[in-house]
Every structure is written in C-alpha cells, then in structure tokens.
Amino acid sequence: MAMPRAPGSEDTPDLSQLDSIDAAVVLGKIKTRHEHDAIYTRCGSVLIAINPYKRLGVYEEAQLSQYKASLALEREPPHVFAVASSAHRAMISDGRNQAIIVSGESGAGKTESATYMLLYLRFVSNTSPELEQRIYGAAPLTEAFGCAKTVRNDNSSRFGKFIALNFDQSARIQVRCGGGGPNGSARASQGSTDAWRAPPVQPQSPLAGPLPRALQAVNVPFPSDATLVGWTTSQGASLQTYLLEKSRVTHVGNGAPAHLTPLSRRGPGRRSHMTGVYARCSCRVSVRPPASERSYHIFYCLLRGASPALQKQLRLQSTDPKSYKYLSSGESGEPGGSRTDKELFAEVATALSAQALSVLQIEQLWMCLAGVLHLGAVAFDQSKPDAAAVVPGSAASISACEAVLGLQQGILHKALCKRKIKAGREFVEQDLSFASATDNRDALAKAIYSKLFDRLIAQINTALAAGGQLSGDGRIIGIVDIFGFEIFEKNSLEQLCINFANEKLQALFTKTVFAETIRAYKEDGIDAADITYADNAELIATFEAPNTGLLAQLTEECLVPKGTDEGFCEKVLAAYPKSSVLTRIKGASAREGFGINHFAGPVNYSTKAWLDKNKDPLNGDLVVLMQFSDNALLQELFSVQEDPAAGKKFKSTKFRGVIETFRSQLTELVAVLEASDLHFVRCFKPNDAKAADSCRDDVISRQLHTSGVLDALRVARSGYPDRLPLTEFVSTFAALAGLKALPEIEARKTPKERALALLDVLGIPKDKFKAGKERLFFAGGVLDALKTRRVEAMALVAGRLQAGARGIVARAAARRMRKHREDALGRLVAASQADDLDVLRKGIFEAKAARVHLYPAGKAGVEAAEKRLRALEAHLAARRQAEVALEAAVGGSAIAPLEAALAKAVESKVDPHLLERGQRKLGALKAEEAKRKEEEAQIAAMRAAKDRAAAEAALAEERKKRGAEAAAAEAALVVREEEERRAQEAARMRAAQAEANAEADKDRVSLEEEEQAAARAVEEEEALRKQVLTKLDGEGVRFRSGTEDVLEYAVYLGMNLHEDLGLLWIADQALQADDPEGWEQCESPNGDVYYMHEVTKQVLWQHPLDYQYQQLYLTEKKKVAGGLKPVALEHRAAPPAEAPSDARADGAPPAAGEDDALRRTLQGLLGTSYGELRTLLTEPAQCKAPVRCFVIRHKSRMGGSKFDFFMSISKNDDMYCFTAKKHSVAKGCYYSIALDQDEVRRPKAGSESFVGKVRSDRKSQEYTLYDDGASPDGKDKDARPELRKELLHVSFLNSLRNRNPGAMQVLLPRVDAKGNALTVQPTDPEGSLAEKLKRNDTAQLLEMKNREPKWNTASQMYQLDFHGRATLASCKNIQLHSKVRRPCAQPGPARRRRRSV
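Residues numbered from 1 in each chain as written. Predicted model: local features only at pLDDT ≥ 70, side-chain atom pairs only at ≥ 80, totals over all residues. Heavy atoms only, no water.

Moving on, we get to the sheet that holds strand S13 (residues 601-606). One open sheet accounts for three strands, arranged S11-S12-S13; its pairing is antiparallel. Edge positions in the open sheet fall to strand S11 (582-583) and S13, since each of these has one partner strand only. Taken together, the six bridges between strand S12 (residues 593-598) and S13 define a ladder with antiparallel strand orientation. Following the sheet pairing, Gly-595 is matched in S13 by Asn-604. (Pairing = 2+ DSSP bridges. Helix = DSSP H or I, 4+ residues; strand = E, 2+ residues; numbered from the N terminus.)

Our next topic: the sheet that holds strand S15 (residues 722-725). With antiparallel pairing, the three strands of this open sheet are ordered in space as S15-S17-S16. Two strands in the sheet have a free side with no partner beyond their single neighbour: S15 and strand S16 (769-771). When strand polarity is set aside, the average angle formed by the axes of neighbouring strands in this sheet is 20 degrees. Bridge count between S16 and strand S17 (residues 775-778): three bridges; the pairing is antiparallel. (Axes fitted to C-alpha atoms, helices over the stretch in contact; angles between N-to-C directions.)

With the exception of glycine, most residues fall at negative phi, and the peptide bonds are largely trans. With a phi angle near 60 degrees, Asp-37 is a residue other than glycine that sits in the positive phi range. Along the polypeptide, Asp-37 turns up in the loop between helix H1 (23-35) and strand S1 (40-43). For Asp-37, a relative accessible area of 4% corresponds to the buried category. Located in the positive-phi region is Asn-1336, a residue other than glycine, with phi close to 60 degrees. With respect to the element layout, Asn-1336 can be found in the loop between helix H40 (1329-1335) and strand S29 (1341-1346). Overall, the relative accessible area of 57% leaves Asn-1336 in the exposed class. (Buried < 20%, exposed > 50% of the residue type's maximum accessible area, 1.4 Å probe, protein only.)

To continue, consider the confidence of the model for the protein. In this model, the protein carries a mean pLDDT of 77, and residues with pLDDT of at least 70 account for 79%. The low-confidence segment residues 176-234 (pLDDT under 50) makes 215 contacts with residues lying over four places distant or belonging to another chain. Ignoring residues within four places in sequence, the model shows residues 1377-1397, a span with pLDDT below 50, making 60 contacts including any to other chains. (pLDDT = per-residue confidence, 0-100. Contact = heavy atoms within 4.5 Å.)

On to a negative patch on the surface, then. Together, Glu-970, Glu-977, Glu-979 and Glu-980 make up a region of like negative charge exposed at the surface. Checked against the element boundaries, Glu-977 lands in helix H34 (residues 948-1035). (Patch = residues over 30% accessible without salt bridge, like charges linked within 9 Å, V, L, I, M, F, W, Y side chains within 5 Å. Areas by Shrake-Rupley, 256 points an atom, 1.4 Å probe, with all protein chains shown as cover. Salt bridge = Lys/Arg side-chain N within 4 Å of Asp/Glu carboxyl O. Lys, Arg positive; Asp, Glu negative; His and termini not counted. Charge placed at Lys NZ, Arg CZ, Asp CG, Glu CD.)

Counting 107 residues, the largest nonpolar core has Phe-594 and Leu-673 as its most contacted members. Residues Phe-159, Leu-357, Leu-407 and Leu-634 belong to the second largest nonpolar core, which totals 73 residues. (Core = buried A, V, L, I, M, F, W, Y, C linked by side-chain atoms within 4.5 Å.)

Among the eight residues that make up strand S6 (residues 160-167), eight are buried, leaving the element largely enclosed by the rest of the structure. Covered by surrounding structure in S6 are Gly-160, Phe-162, Ala-164 and Asn-166 together with Lys-161, Ile-163, Leu-165 and Phe-167, the residues of both alternating faces. Bridging between S6 and strand S7 (residues 237-242) involves six bridges; their strand directions are antiparallel. For Phe-162, the partnering residue across the bridge sits in S7 and is Gln-240. Relative to strand S10 (residues 475-481), S6 runs antiparallel, the two sharing seven bridges.

What follows covers a positive patch on the surface. Together, Arg-811, Arg-815, Arg-816 and Arg-818 make up a positively charged patch on the protein surface. Tracing the backbone shows Arg-815 in helix H29 (residues 782-832). With a relative accessible area of 52%, Arg-815 lands in the exposed category.

By the element assignment, Leu-141 lies in helix H6 (residues 139-146). Considered as a pair, Leu-141 and Phe-453 are 312 residues apart in the sequence and their alpha carbons are 9.2 Å apart. If we ignore the near neighbours within four places in the chain, the residues touching Leu-141 are Gly-146, Val-348, Ala-351, Leu-352, Gln-355 and Ile-460.

Take the packing of aromatic side chains next. Under the definition given, this model contains 21 aromatic pairs. Summarising the aromatic geometry, the rings of Phe-1205 and Phe-1218 are spaced 5.3 Å apart at their centres and angled 20 degrees between planes, so their arrangement reads as stacked. Of the two residues, Phe-1205 is situated in strand S22 (residues 1201-1208) and Phe-1218 in strand S23 (residues 1214-1225); the sequence distance between them amounts to 13 residues. Exposure remark for Phe-1205: the relative accessible area of 24% places this residue in the partly exposed category. Through successive ring pairs, a cluster of aromatic residues spans Tyr-59, Tyr-67, Phe-81, Tyr-116 and Tyr-120. Between the NZ or CZ atom of Lys-161 and the centre of the ring of Phe-159, over which it lies, the distance is 5.1 Å. (Phe/Tyr/Trp six-rings, centres within 6.5 Å; stacked < 30°, edge-to-face > 60°. Lys NZ or Arg CZ within 6 Å of the ring centre and 35° of its normal.)

Next up on the list: the pattern of salt bridges. This structure, assessed with the given rule, holds 53 salt bridges. The salt bridge partner of Glu-347 is Arg-339, with a shortest N-O separation of 2.8 Å. The residues Glu-347 and Arg-339 share a single accessibility class, namely buried. Of the charged contacts in the structure, one is a salt bridge between Lys-819 and Asp-823, with a shortest N-O distance of 2.9 Å. Residue Lys-819 and its partner Asp-823 are both found in helix H29; the two are separated by four residues, about one turn of the helix. Linked by salt bridges that have partners in common, Arg-158, Glu-245, Arg-248 and Glu-293 make up one network.

Structure, rendered in structure tokens:
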C-alpha cells in the first residue's frame, strides 16, 4: 500500500495559484503530483481526482478525523473528504440543500469517489451502525444486477443515479432505529477501481474481502425504487435511477467503438477547450476489440456460483456463458479484479437473505434470471418471415423457460408467435412476423430483468427508510453519478440519451460557473469584458425545441402511421439545414443518420431502429402470461399496483416513449440541482490501460480539454468567483475588527462605506476584491481565508467559555464523587458485618471503584472488609470441602468414612438437606451391617446342618427381590415422567389446532362479511340509481343511450350521482362515440380484452376513450365548482329500438303473450309438472332427451362481466332463463343469479327475482351454487328464514385462470324418479358439499368427472379424448361423466361469445 509523498517545496495543491495556466504547465503539475501519489488537486472550486490504480492509505480514520476537526479546510491537502466536509458545513451554516457532482470518464473512479464521500458523511454525522449494515449489505446486489464489464471498466455501472442523504436538524442522517436491518455481506465493490482499497482489516462477514477500516460501514450507493419525489422523502437515504441499459441483457459486445477525434481535427468554429466540469463528460470512447464486454455480472455469477442442485432446478445444462445466446456474443471470462463470479454469487445470496427475502422468493428470483437465459435460446424459423414459428431445435429451451417462469406448458410458443385481434364481431388469431416474434422475445427478456432490478432497488430502499417524514427544517446532501459521454463507431439512441444528459449537466455548470457570475458583475456595475466562455445553448435548443426539436420530432414520428427511421432522419436534417450543431455525415445518406457537434466532440449517430427503441413495446399477451405465472415474484413484477386511496384513475392514451420519460426525469434532476449549492469533483484517468504508476500526456490532456477544467481555471484566476451581500459581509465579519475599530465602522452611512472600512481594517488588498452596488466580489481564496479567521476567533472565545463551563462541571462532579465515596464506604461497612459473601465482594469492588481506599478515612474500612472477605472465603472453602467429602461418603457403603464426613459437615454447617441424606444413609448402612452380622451368625449356626444350601439360596433370592423392587420403582418414575411429557405435547397440539380452527373460522366469517358488505354496497348503489331514474323520468330527460347504461358508465367514470346529474351528458356522449382510430381490440389468453395502438404498440387495459371522458368530466366538474352553470341535459326522445331479426340475438328475451303454451312446452321439455316459472327453472328436471342450452357473456367497457343463460325450446326459439353478474371481493368473487337482467344488479336475498349465487375462492378452483336461503351464520340481511341449500359444487385440479382444464369434479345431490332431490342444507362448514368431496363422503350424491386431457404436440393444445379441443383460457370444452352412466353434460364450442351446453 502506497502513501502520498511530498511533491516538493515549490508544489502547490491548487492550480489557480500557478504562475501560468497554460495547458502544458497544468499538465506538468498534475503529472508531478501523480508521480508522488498526490492524486487530489484543487482547481479553484473544483477538485481533480486521479485514479491511481493502486491502494493508497488515505481513507482511514486518521484522515476522517483530520477533515472533521479542521477549522480551515483550504489549508488541508485536497481530498474528497474536504469536498464532503465543505458540503456538510455549508448545509449546517446556510441551511440549504447541497449537491456534489462527480464526473469523469468510465473507469476514472466516480463511484469510488462518491463512496468515500458517503463514508465521510456517515462518519461526521455519527450514523447508527444499523443504517451502515443496511447500506453495506446491499452492495453486492447493486453491483451484481447493475454493473457489467466494459472496455474501460471492469465494474462499470450501467445506470445513472442520484443519491440523496436526508439530515435532520441535528445534522444526523435520519433512520428508523427499530426493526431488523439486514446484516448482509461486508465486501467492497471491486472492479477497475479496486486499487483504491486500503489494507485488509477484520471483515464483518466470512465472505468479506479487504477493505478500509472506515469503509466497513458504507460502500454502495443508496438504492430505492426509481422514483424520488424531489427532496421530500421519508427515507434516511434514497436514490433515483436513470436509464438502465436494458439492451445489454440481449445484446453484448456488438461492433467496435471509434477512437476520440483528436482536438486538432475538430470542425471549424469549435473551441479546443470545451467548457464543462461536471457531466461525466469526457468521452467513454474506446478501443474495444470484438466481444470484449460482458452482460450484467449476475448472469455469470448464477452460472458459476450456483450449486449443481440449483442448476438442475433452473434447467441450466451448462455453466459456459457461450452456451447461452444472450451471453455468447460477449466475453465469457471472469470480470477482473480480485473477486471471482463464484465469490460474488455467494455474497449476493447472503445479501438477498439479509433483505428480508424468504427462501422461496430467492428461489423465484433465480428462476426469473434463468428464464431470461432460456428465452435467448428460443429461435424462430427464418424461412417463414410472415408467420413466425419456433424451430424444433428450440423445443427444449422453450419448455425449460416455461418451467422456470411458472407458465403452462405450450402456451409461451403461441404468445410469442400469435396474437388475437377483433375482426368484426369475432376474435381471430393473427400470425406475427419473424421480426415481431424476435422483438417479442427480446422485449420480454428485457422487461423481466429491468422490473426485477427495480424490485430489488425498492426492496433495499425499504430497509433504508426512516421512521417518519422529514421535518420542515430537514436538509439533503445529494451526489450525482451519471453516465459519461460516449462516442462509438456506431452510436444509437442509447448514446444520444447519455450524451444529452451530459449536455444538460454541462449547461447547468455553465450557468453556475460562468453565466451567473457575469450576470452578477453586470448587475453590480463591475466590468466583465475580459471574461469569455462557450456554452451549449444552441445544442440544447436543437434537442428541446417544442415542435421542431430532435426529441419532439422523434416522438411525432412514432405516432405517424407509416413512420420510419429514414423519414425521421430526413425531417430532422430538413429542420436544421444550416445548423452548426446538427450536421450531415460525410459519405452517408441523409436517411441513415446525422452528426451532432457536442461540447466534448462531434458524434455521428445511426438512426436505425430508433422508432422501435423509443416505443419499447411489450405484447399484452405476454404481460397477461406473466401476471398468471405460478412464480409469485414474476406475478408481482408485472402486476399493476393501484392506489385505492387515489380512486379510479384511467391511464392516459398519450404516447410517452423511452426518450420522453428519460427527458422528464432529467428535467426533474436539473431542477433539484438548481435549487441546491453545487460542489464539483472531476475524476481523471492517468492512462487507458488501467496501469498503476503510469501517466500518459495525451490521456490527461484529452480530459483537461473536454472537461472544461482549463476554462474554469481561467475564470478562477481572472475573476472574482466568491460574492457576498454588503450587509451580510459586515454582520458576519465585523467581530474580526475588534471593539476599538467597530464604532468607527458602524458610524459610516451606507453599507458600502461600512464594508470598505471593514476591509481596510482587515487588511484585504484592493486587488483582491471588487465592491459593487449591493455585493462584494472576492478573488479566489479570499472569502475562505476570512471565514477561517472568523472560525479561529470564535474558537478562541469558545475556548474561554468552555473553560469556565468545564470548571463548574468539574466542581459539581467532585461533589458528586465525594458523596459517592461516602455512600460506597457506608455500604462496605454494612456488608462487612454480614455473612453474605457476594454482597461483601460487591461492596469492596464499588468502594475501590469510588477510590475510597485512596483516602485515609476509607483505607482502614477497605482493609477490614478484605480481611473479613478472606475469612468468609476460607470458611466457604472448608464447607465446600466438607460437602464434597460427604457426597463421596454417601455414594459409598463404608460406615467409618461416612461418620467422619458427617462430623466434619456438622462442624462446617453444610447444607441441611445433604446432612439429612448422610444421616439416613448412615442409619441404613448400620441397619444393613446389623442384618449382615445376624445372617452370618445364622449361617455359622447352620453350617453343620443339612439345610445350609437352602438358606443361602433363600438369602440370595431375598437380596434379588430387593434389587428388583428398586429397579421397578426407578422404571415407574421414568414412565410417569414420559406420560407427563406426552400430556404436555398433546395439550400444545390441541392449543395449536384450536388456534388454527379459530383462524379458519375468522377467515370464513371475514369472507362472508365481505360478501355481505359488497352486497350492501350494490344495494345502496342500485337504490341511488332508482332514485336518479325516477328523477330523470319525472323531468323528461332522455339520452341517446339507455338510461341504465348511462348511469352505470357515469359511476365507472367516477361521477357522484348525488352531485353530478348535470354532467350525465358526458357518459351518454362517451357511449355514443366511435372507437378512436389506430387502436386494435385484442383478447388475452385468459379472455380479457385489451387495446393496442397499431403504430406505437402502446397497450391499454381500458377503453382508449375512458381517459378522455374522465378528464372531460373532471374539467367540467371544476367549472361547476367554480360557479359556472353546467351544460343542460338534452330533453330528447330516445331512438326507437330495432326489433331483433333473430330470436337468438344476444340478450334478447323470449316473446311474451302465450304463457300457457310456453308453460306446457317447458313441462314437456323438462319432464316436470311445476306450474310457476321460477319453480320450473330452479327445481330438478326429469329430461328424457338432452336439452341444448347456451350462455352469452357480456363484458362492458367498465370491465364487469355478465352472463345470460338461454335454453333452446325448439329448433328456432331460445328462451331466456336467468342472468348471473360477477362481484369481486377480497378473497375471491361471487355471482348473483336472478331471473331478471336488471334485478341481478342488486343480489338482494329478499327479492322475488333473486334465485341464488355462486361463490368462488381466490384461486378460482372451488365453485359452489346456493339457492336464496340464509347462510348458516345468519348474517344475510333480508334473507328467507330457512337455511340455504347447496345445489352444486365444482372443483378443479388447476385454477381456471389461464390453465389447462386438468381434472374436474362435480358433486350434486341425486334426484329420485319423482324429481325430488336430496337436500344438502349444512348448518356448519363440515356439512358442505366441498368438505364432503374432500372426505370422499359422497353417499347419495352424484359425482361426475371429466376425462383427463392430453397434450397434442402437433396442435400445441390440450385435447380431450372426444373430438373437442380444450382451450387454454377456460374450460369451454369439457366432457363430464359419472362413474356408471354415460356422459350427461358435454359443453361444446363457443361461437359469438356463446358457450353451448
């Protein structure tokens, strides 16, 4: 590790102090300092940082403390810590937001510089370790998912970022201290800037590598999701991301970039030194050989770091990146630096766990990444340019992709190659072209990755969130690290966005450093004729002109029906025929591209595929597939999150391309920067080979000229960069004049006179300042020197104040210490008189801690206590020895040792329980001894007798019996303990089961309550509609559309029927309006309708006119609120309804008038004798022949679904039976069924028309049909008194949401020969049909199943064993059969929204 060496006695760390500011002199100074490892140099207010490409020990705690404690930063060596300290101090003293602009070429060390400034801000604000762990634990994630190896940098950030730290009133970074922050990996980010690291220290994680001690807490930009709302955020740290390079996911290392145009070869009229210090503006040009770059690190980490089991689960057949198309065109080796892909993968896995992601979520994340790799291997048949088809060789890849993404097998192929659009009244499949299918595949891969990146950023940002909103006095320090200027051989739209960002930042620098300075000179009457500078105002206007600007014309061309890249290029060149900014490319057609003279050099752009890149379309069918994936994380990525508090807001139909979104983000960033005080850090590369101790003149010279450092240096030398109002100057620095001179200064009449008098007293030379009308202008360094003098004077006064205050504090502390010693001595004396050993030890310790023993009065007390302690310890040792001896004697069988141990124990006062055990043992031993002697005497007496052997056997048996009894007692004790343990475990399980049952009951009650609440809401809405209908009829108001439809659409738009009756004409007008041109109506795989613009490929999940009429409604409502009279409702008659030509017209009711004939027809058809129509339609039928029925689905523009059920009563006549309307609730949905199409809007149990409902679970796998009775809990309002009957239950093996039919079971009560059905009227959930089916308790019930479908590889469809096909979206074609009878229900194909049965 190197340390900076003194460059020499004549060296100056500030270039503005040089005798000459010639480019050669400046270059020589920078080289000299680099040779001595002095990598930081000042250039006026700008810091130049040279990447040393080796480790330097200048980032340790010693340097942190040095810059934190410094009273004069301008006297300290230049350092990024000095810039961060200057921003922090300015935020505190001035109360303004601060922004630090870090700029430079790729690989110059921008991210590293930003990291060390974050480190200083963390150090100086005393951030909590919790926040440090959260920040540092996120480092591997942002690095692996957002960085890639490029020609110029092994670890290049491929997205722009604006980091913001939120400080509270005490200048601490705001953070919530509660909750578990992630303890993620503590390894530092590595790559081309790895050489900046300090020596190894103890890491925070086993995976950690070498990093500076101070950097153990911070080493990563603060991620969040890509939305930062100005400065008001509730987070301790946040970040806004810009333009993630999505194209790198699918295309890596294409083409070789060009060299930067030499300065001497620039076009006429271009300056050789361009202004601009701060946009990472020097060219990210390169000498890239083919395939010298990589995709994002995470793909290589997954291939090389995943375990064999995980690779098998992800269907990854190879670990070689060349085996995957998206990676094959780039470099396949390691990223460089000191860390391998495998090591980074381990850190990423640890960091993901630390971000509160479950094992399942992490597994789903790996599956999303693997799905992207498998997508790249899906190839299409080039011989079919107009009808895309996946080549047979890609079958394994597409199957693997569907498996890891959680998609139904066989469905992705169709979504990539086909689309359903509406032609007339039918939806027909349309083949996509080869190019469109390829674009679909790549767009899906990029969308998955970019959404996954944003999701991770949001997850990390959640961990960094503060406890509450910023207070009104909170301030922010922001750090900008955005893309560097890029010039390649082939430059496209990505390079245009990057270079435009640099131009915007360059314009801000010009405004800050030059334009505002000269304007201030002129306002105060100071001559500024000798200060000149170049700006890029003309170039910015060329980009941003409202109608003719380059960006506006690109958006307009995307909207033209037959817009082309060539047409856009021609229009741009025609709009600026004589521009010095926009030029034609020599040797190229005007249809191929154009050149732009940027501030850093001319760039030629090829406009090929710009329109498609700006549109960035994603097929709506693919979005739906992702939303219904089995992968929950993938579902979340593609789900639209709506804010329920914001009300229903429709999406605007206005086209907003990629470049327009980026432009608006950039405008917001510039606005934030303009409202802040700016600080600049310019990062330089000493060479292009990333070699240490090497400094190339041409490389440094290139960056000096393109960065604008020389212009900034010239202004710093010739101008007066610092300025201060006259009154503020006097009030701030008057104290430096002393008490004697102060009255004379205050006696002057005008502020200018007082300021000049103060300057004279302070000894400031006249050539170092200029006095204007309202302000003073100072030469570089003068104002900083004055501030230093003021700080030193304040420090002197503060020292004296502190001395007095410390004396008071010390005397009070002495009194407290004396009192503390007296109390400690009192407690010690009391403890010495007792026998408690622990209390005495504590008393001695506290007395010594209070220094009692150092005073004569307390020394004797401490010595007496210690003597007493030794005596107690000796007694304790003797007692413990006696206890040990007694324990040993009790365990033996000798009487003498036991008697001796007992005597010693009595003397030592051992534990009474132990003493009692010993005495019992002694008694037992003596009794045994006496018994033994007696037995021996008996044996001796019987020795001559014949029964000696029998006596001995009896004695042995008795002894054996005694041993068995002891063993039985021990075994009984063990059994009793085991029974108690089992009883406790059973009680715990019963409690857990009771808790689970209570939770299930709670869920059931909650679901029913939600249904009832939804029903009440519908009832209230319908009651209000009835009132409105009555009112409108009474006033004679008529609409061109049906009044019911007008009211329904009005509510859909968000109207309040209480307040907005005068605006109902908007809903009527909307229903009568023609569909806008250019929008195609498409059908997603699950049957939902969406709209796609033919030109821009924009997808809407609402009608294109909904947004327009909602905005019209809001505008008119504002007018009404402002006192204007609403447009009057038109009183006109509705157009006569046309009689349907076909009795089978959708939704047409049956003809009335012959009720008796119709009743007889139905009785004969259904085989029943019921006379009432309701009973005929709801009671079981006894059909002798199959009855054909069909269902018509109505889907309104409001998104709701309604189903009409018809029955064919003859060859030519269909009879309407009932209507079902869908109602969504939180845990599923239900369908209310009524005999009246209008009555179904309000599923009121007490209604004559209401006949029942169907309830579905959230997964659409369980359906139950009820009649109109009351629920078992009795919470149905206005229901019939008897309990409801269950009439039918359907169970699907797979959800109906975008699934193949799979296994299907239907359970319904059996019907006897007389037409009477078994009554299923459960009083609790256990008696329901669903529970009976789960228990296989189907006695007296009819159970039917469908036959399992099989996959047909030719048709790419699931097909049943009868000749109908099973569609993918729902079970439109299924065949049910019972166990013993022939098929009794066979739904057929769908025609014109009809589902035939």
